[in-house]
Amino acid sequence: DAGVTQSPTHLIKTRGQQVTLRCSPKSGHDTVSWYQQALGQGPQFIFQYYEEEERQRGNFPDRFSGHQFPNYSSELNVNALLLGDSALYLCASSLVRGADTQYFGPGTRLTVL
Amino acid sequence: GNSVTQMEGPVTLSEEAFLTINCTYTATGYPSLFWYVQYPGEGLQLLLKATKADDKGSNKGFEATYRKETTSFHLEKGSVQVSDSAVYFCALKENSGGSNYKLTFGKGTLLTVNP
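Residues numbered from 1 in each chain as written. Chains lettered and ligands numbered in written order. Predicted model: local features only at pLDDT ≥ 70, side-chain atom pairs only at ≥ 80, totals over all residues. Heavy atoms only, no water.

### Describing the interface of chain A and chain B
Right, so step 1: Each partner contributes residues to the interface: chain A has 21 residues there, and chain B has 21 residues.
Right, so step 2: In total, about 1,700 Å² of surface goes out of reach between chain A and chain B, with carbon and sulfur atoms giving 53% of it.
Right, so step 3: By the criterion of area lost to chain B, the three top residues of chain A are Gln56(A), Asp100(A) and Phe104(A), representing 31% of everything that side buries.
Right, so step 4: Contributions of two or more residues to the side of chain A that touches chain B are made by strand S4 (31-37), strand S5 (44-50) and strand S9 (87-94) of chain A.
Right, so step 5: Broken down by element, the residue count for the side of chain A that touches chain B peaks at 4 residues, all from S4(A).
Right, so step 6: Taken together, the residues of the side of chain A that touches chain B sort by class into 9 nonpolar, 11 polar and 1 charged. (Contact = heavy atoms within 4.5 Å. Buried area = accessible area lost by both parts, 1.4 Å probe. Helix = DSSP H or I, 4+ residues; strand = E, 2+ residues; numbered from the N terminus. Nonpolar A, V, L, I, M, F, W, Y, C, P; charged D, E, K, R; others polar.)

### So, the nonpolar core
Right, so step 1: Counting 25 residues, the largest nonpolar core has Leu19(B), Trp35(B), Leu48(B), Phe73(B), Leu75(B) and Tyr88(B) as the members making the most contacts within it.
Right, so step 2: Listed by contribution, the elements that provide at least two residues to this core are strand S2 (11-14), strand S3 (19-21), strand S4 (23-26), strand S5 (32-38), strand S6 (44-50), strand S8 (62-65), strand S10 (86-93) and strand S12 (109-114) of chain B.
Right, so step 3: Counting residues per element, this core draws most heavily on S10(B), at 4 residues.
Right, so step 4: For Leu48(B), the residues in contact, after removing those within four places along its chain, are Leu33(B), Phe34(B), Trp35(B), Gly57(B), Ser58(B), Asn59(B), Phe62(B), Glu63(B), Ala64(B), Phe73(B) and Leu75(B).
Right, so step 5: Residues Leu11(A), Phe47(A), Phe60(A) and Ala87(A) belong to the second largest nonpolar core, which totals 20 residues. (Core = buried A, V, L, I, M, F, W, Y, C linked by side-chain atoms within 4.5 Å. Buried < 20%, exposed > 50% of the residue type's maximum accessible area, 1.4 Å probe, protein only.)

Structure below.
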């Protein structure tokens, strides 16, 4: 049973650039959430996608956007990168009905120079 | 808004010692509560959960009881092992009905177990 997968593992960008991170949910899951984990902090909720629409959003600026595809995979896009965007970006998947339990991927480590 | 407060780390124990990591929360209504564990270089793994008051979640020797009266969900293990060394996160999900999926996390507690 394939778990949540994310790509790439690591990424280095410079300020002002744009980045796209990818996530494939656990087999059978239809809902994807994205979290940002700064060094030494707990994850912060960015947004959640279901049926290819953003259903809920945390306190993040519009520079953070996303997309969900018909196969339930998802992308997180960040424009105009700032140094403060350096973090581990985690994807979590769940079933809409069983949304109490979210399964996390290994994350993408983004470094902005 | 919702918030989770965990005991400050790091926590360093010897193998076979008793572990307690405190967690208290603030939330509207009756949230579901979780403990996640993050091993070095990895993502988060669900350790245990409880969805209503007085429920006890348990897994791999770890336990936590949902205490509504004290708004707490403390993590305990009777005898820790070196392999338990990791960062532990307490989290809540508000059960507001409909489509709420947001998990609110504490800052995490680093546990190091020495042989």
